[in-house]
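# Structural description and commentary
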Amino acid sequence: MRLSRYFLPTLKEAPSDAQIVSHQLMLRAGLIRQEAAGIYAWLPLGLRVLKKVEQIVREEMNRAGAIEILMPTLQLADLWRESGRYDDYGDEMLRIKDRHERDLLYGPTAEEVVTEIFRAYVKSYKALPLNLYNIQWKFRDERRPRFGVMRGREFLMKDAYSFDLDEASARKAYNRMFVAYLNTFARMGLKAVPMKADPGPIGGDLSHEFIILADTGESQVFCDRNLVEMLAPGGDVDWDDLQGIVDERTSMYAATEEMHDAADFESRTPEADRLTARGIEVGHIFYFGTKYSAPMKAKVAGPDGVDTEIHGGSYGVGVSRLLGAIIEASHDEGGIIWPDAVAPFDVVVINLRAKDDAVSAACEEAVAALEAAGKDVLYDDTDERPGGKFATADLIGVPWQLTIGPKGLADGVVELKRRATGEKVSVPLAEALQRIAG
Ligand code: 5CA
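Here's a quick rundown of the structure. (Residues numbered from 1 in each chain as written. Predicted model: local features only at pLDDT ≥ 70, side-chain atom pairs only at ≥ 80, totals over all residues. Heavy atoms only, no water.)

## Quick look at the sheet that holds strand S19 (residues 347-351)
Hydrogen bonds between backbone groups are what pair the strands of a sheet, and the pairing can be parallel or antiparallel. Just so we agree on the cut-off: Paired strands, as defined in this entry, are two strands with at least two bridges between them according to DSSP. Secondary structure elements follow DSSP: runs of H or I no shorter than four residues count as helices, runs of E no shorter than two count as strands, and numbering proceeds from the N terminus. Note on method: axes are straight lines fitted to C-alpha atoms, helices fitted across the in-contact stretch only, with angles between N-to-C directions ranging 0 to 180 degrees. Contact between two residues is taken to exist if any of their heavy atoms lie within 4.5 Å; hydrogens are not considered.
Pairing in this open sheet of 5 strands is mixed, and the strands run S20-S19-S21-S22-S23 from one edge to the other. Looking at which strands have only one partner, the edges of the open sheet turn out to be strand S20 (377-380) and strand S23 (424-427). Strand-to-strand, the axes of this sheet are offset by a mean angle of 20 degrees, without reference to chain direction. Where S19 meets strand S21 (residues 400-404), 5 bridges bridge the pair, whose relative direction is parallel. Counterpart to Val348 in the pairing with S21 is Gln401. Sheet strands in contact with helix H11 (residues 357-372) are S19, S20 and S21, and its direction is about 170 degrees off that of S19.

The following block contains the structure:
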């Protein structure tokens, strides 16, 4: 992608109402544009990262056996009247009337819709376990939308819904999501800690939030320090028996403010390991039994032929919020430092003298070689001054910067910089390509 032909509207300074660094950097690096309070347009660079984050979430859901569908953003109020949540949900629900005066709403979550789909088709326990997910825009009319995509009104969520015959198998479904979440966030370079959480309006009695520790986080959290450094289990696990992995994590104390029990924290955690911090909730999982299946009559015939209400859980990931969380966890004074797995481009090739044909030819050769190696390349072919180009490259946080200028070209070298460490080497192009290929 040639920068001269691209749409990358960067800003020298962030608007003063952007209070936290991720929001400032998302605006400055031209990732998003605010259209209304808590409602954003995704600009090309932001959209690239959003798609990468979404794809990691999708792959880990698929690996855990969940199946993707796509539910509508607009839902019938009548379904929510069936579950009893229409009145309870309150002002956060955006209520809409169509031309026939029918009550609709912009979905803040989709337990009702997915239960309606399930009950229409699934009649026997033989179809279970089943886990259906979608990655779809949600709307919650938050009282205080803030911090950019972190607390938006319109936001992208991955929401999965599990259906099982009884509590024991529903807990297995819960464990699969628990482990899938650990793997998902680890792939994005994040250390997410599962913490005992308040189920709130989704309901149920078993719930964990996945929290990224960050000073700018909205929630106060308490946990055993050792949990933060625990590695994700990876995909090579026995998906039918994850209790050991879950127990290992949940045996150590970790709770959000609403669930915090100071006496329990102190008795279970040696003083040196007690961590009190701020956190960003990037995922939230719930087991709620028959909360939706009972009022909505979602039943299947069990092995004995008797109709039974299914046991459900739901599992959310804040896909758009994750961009903010990743930036909070990974930036410096120069700008964003994208982890490789979610970077909008793998490498930016910086042409230090675009008017020089030999330099441009060398740059184009480098771009072609990188693209042939399967890399996403941004090619800065503009005639901006070098200082400005380096500042932009740092700001947008692409993992590798490969700079070619007349002097290096004469010496047969290019300069390769790793954004995360700042380390720079002058090496022949072939060697630079090798290093980037990893
Ligand atoms: N139905 C359940 C699970 S699918 C549910 O809605 N859970 S939730 O309310 O916890 O939301 C799931 C995730 O969406 C949260 O963990 C958070 O990461 C993200 N999220 C929630 N509200 C917002 C918001 N206003 N802006 C951005 N992300 C949000």
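Having seen the model, we can carry on.
## Notes on the packing of helix H2 (residues 44-63) against helix H6 (residues 167-187)
We count it as follows: Our angle categories are set so that under 35 degrees counts as roughly parallel, over 145 as roughly antiparallel, 65 to 115 as roughly perpendicular, and the remainder as oblique. The handedness criterion is simple: a crossing whose near helix is rotated anticlockwise from the far helix by less than a right angle is left-handed, and one whose near helix is rotated clockwise is right-handed. Gly is put with the polar residues, along with every residue not named as nonpolar or charged; the nonpolar set is Ala, Val, Leu, Ile, Met, Phe, Trp, Tyr, Cys and Pro, and the charged set is Asp, Glu, Lys and Arg.
Interhelical geometry of H2 versus H6 gives an angle of 150 degrees and a closest axis separation of 9 Å. Between H2 and H6, the crossing angle belongs to the class labelled roughly antiparallel. Handedness of the H2/H6 crossing: right-handed. Counted together, Ile56, Val57, Glu59, Glu60, Met61 and Arg63 of H2 and Met177, Ala180, Tyr181, Asn183, Thr184 and Arg187 of H6 form the full contact between these two elements. Considered class by class, the residues forming the contact of H2 with H6 number 6 nonpolar, 2 polar and 4 charged.

## Notes on the packing of aromatic side chains
Formally: When the centres of two rings from Phe, Tyr and Trp lie within 6.5 Å, Trp using its six-membered ring, the rings pair. Their planes under 30 degrees apart give stacked, over 60 give edge-to-face, and anything left gives tilted. The classification of residues rests on relative accessible area computed with a 1.4 Å probe and restricted to protein chains. Under 20% of the type maximum is buried, over 50% is exposed, and intermediate values are partly exposed. Over a ring means this: the NZ of a Lys or the CZ of an Arg is within 6 Å of the ring centre and within 35 degrees of the ring normal.
Per the stated rule, a full pass over the model turns up 13 aromatic pairs. On the basis of an interplanar angle of 85 degrees and a centroid distance of 5.5 Å, the ring pair of Trp80 and Tyr89 is categorised as edge-to-face. For Tyr89, a relative accessible area of 12% translates into the label buried. Judged by centre distance (6.1 Å) and plane angle (45 degrees), the ring pair of Phe185 and Phe210 falls under tilted. Of the two residues, Phe185 is situated in helix H6 and Phe210 in strand S10 (residues 206-213); the sequence distance between them amounts to 25 residues. The same class applies to Phe185 as to Phe210, namely buried. Here the aromatic residues Phe178, Tyr181, Phe185 and Phe210 are joined through ring pairs into a cluster of three or more. A cation over an aromatic ring shows up here: Arg95 above the ring of Tyr86, its NZ or CZ 4.6 Å from the ring centre.

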